[in-house]
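So the chains spell out like this:
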Amino acid sequence: MSWRRLAAASAYMRTELETFERSGDALNLRTTSADVVGRQVEAMKTALQQLRDLRHFIGDTLQNLPDATLVFDAGGRLVLFNTAADRLLGDVLSVRRDPRPMFDLLGASDMTDLPLGEVQARDGRFLNVSESPLITGAGVCAGRVVRPTDVSEM
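Along each chain, residue indices are assigned from 1 in the same order as the chain's sequence is written. Local features in a predicted model are, by the rule used here, given only for residues with pLDDT of at least 70; side-chain atom pairs are given and counted only at 80 or more, and totals for whole chains, interfaces and linings are based on all residues. Processing note: side-chain calculations cover all non-hydrogen atoms of the structure and skip hydrogens and water entirely.

Participant: How should the sheet that holds strand 5 (residues 141–150) be read in this particular structure?
Facilitator: Each strand in a sheet pairs with another by means of backbone hydrogen bonds, the pair being arranged parallel or else antiparallel. DSSP calls a pair of strands paired once it identifies at least 2 bridges connecting them. Starting at the N terminus, helices and strands are each numbered in turn, a helix being any DSSP run of H or I of at least four residues and a strand any DSSP run of E of at least two. Read from one edge to the other, the open sheet built from five strands follows the order 2-1-5-4-3, with strand pairing classed as antiparallel. Here the strands that pair on one side only, and so sit at the sheet edges, are strand 2 (78–81) and strand 3 (117–120). Neighbour to neighbour, the strand axes of the sheet diverge by 30° on average, direction disregarded. Looking at chain direction, strand 4 (residues 126–135) and strand 5 are connected through nine bridges and run antiparallel. Lines fitted to the C-alpha atoms define the axes, with helices restricted to the stretch that makes contact. Angles between their N-to-C directions range from 0 to 180 degrees.

So, in structure tokens, the structure goes:
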């Protein structure tokens, strides 16, 4: 029975890796190993490294944006933010990855009542808060990108 499970797992990995490569998301999953399992392991390692590289690229891009940017998942949990957001919101995000300081500052309890447009924050600053939904290829909202900008001097 274990050879059947191995054959099924191997067929699944082959199909998924081929689909991943055909989608254009993978750069090159060609391998040099002589046996089937070795080729699949090499291809999986390559695909995972590409995924890690992409994650670093996205993180580096976000960190280098000049404006405060926060990314929330569909459940309203803070998943990514940059140093500009950390500075704007009082250096509290990086310690706990907790969006409550932003919600408190804007008088909101969570993402559902986050005020948009020009808002006077509780500390007296004027912030322009904009947000964009993250829509998947299937048309599902996977989260939101929020950009609070301090416009007090204007």
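Now that the structure is up, let's keep going.
Participant: Would you take a moment to explain the pattern of salt bridges for this structure?
Facilitator: Proximity of charged atoms lets side chains of opposite charge pair with each other. Whenever a carboxyl oxygen of Asp or Glu lies within 4 Å of a side-chain nitrogen of Lys or Arg, that contact is scored as a salt bridge. For the coordinates displayed, the defined rule picks out five salt bridges. The partner of Arg77 in a salt bridge is Asp73, and the shortest N-O contact between them spans 3.0 Å. Relative accessibility under 20% of the residue-type maximum defines a buried residue, over 50% an exposed one, and the middle range a partly exposed one, all with a 1.4 Å probe and only protein chains included. The class for Asp73 is buried, based on a relative accessible area of 18%. As a salt-bridge pair, Arg125 and Asp123 come within 2.8 Å of each other at their nearest N and O atoms. You can call Arg125 partly exposed: its relative accessible area is 22%. One salt-bridge network, held together by shared partners, links Asp123, Arg125 and Asp150.

Participant: I'm lost on helix 2 (residues 36–63) in this one. Help?
Facilitator: To estimate the expected span of a helix, subtract one from its residue number and multiply by 1.5 Å. Relative to the 40 Å expected for 28 residues at 1.5 Å per residue, helix 2 spans 41 Å between its end C-alpha atoms, a close match to the ideal helical length. Against the buried residues of helix 2 lie helix 1 (2–22) and strand 2. In what follows, residue pairs with any heavy atoms lying within 4.5 Å of each other are defined as contacts.

Participant: Help me understand a nonpolar patch on the surface in this model?
Facilitator: Only residues above 30% relative accessible area that lack a salt bridge enter a patch, with like-charged residues linked at up to 9 Å and the nonpolar side chains Val, Leu, Ile, Met, Phe, Trp and Tyr linked at up to 5 Å. The Shrake-Rupley method, run with a 1.4 Å probe sphere, supplies the accessible areas, and residue values consider only the shown protein chains as cover. A surface patch of nonpolar side chains, amounting to about 560 Å² of accessible area, comprises Met44, Leu48, Leu51, Leu54, Phe57 and Ile58. What makes Leu51 exposed here is its relative accessible area of 54%.

Participant: Mind showing me how you'd approach the confidence of the model for the protein chain here?
Facilitator: Caution is warranted with low-pLDDT regions, since their predicted coordinates should not be read in detail. Scored from 0 to 100, pLDDT records how confident the predictor is in each individual residue. Taken residue by residue, the protein chain gives an average pLDDT of 81. The fraction at 70 or more is 89%. Between the elements of the protein chain, mean pLDDT differs from a low of 64, seen in helix 4 (residues 93–96), to a high of 90, seen in strand 4.

Participant: Mind showing me how you'd approach the pairing of strand 4 here?
Facilitator: Each regular strand displays side chains that alternate between the two surfaces of the sheet. Where strand 3 meets strand 4, four bridges bridge the pair, whose relative direction is antiparallel. Each bridged residue has a counterpart across the sheet, and for Val119 the counterpart in strand 4 is Leu127. What sits between the antiparallel neighbours strand 3 and strand 4 is a turn of five residues, in which Gly124 has the positive phi angle 95°.

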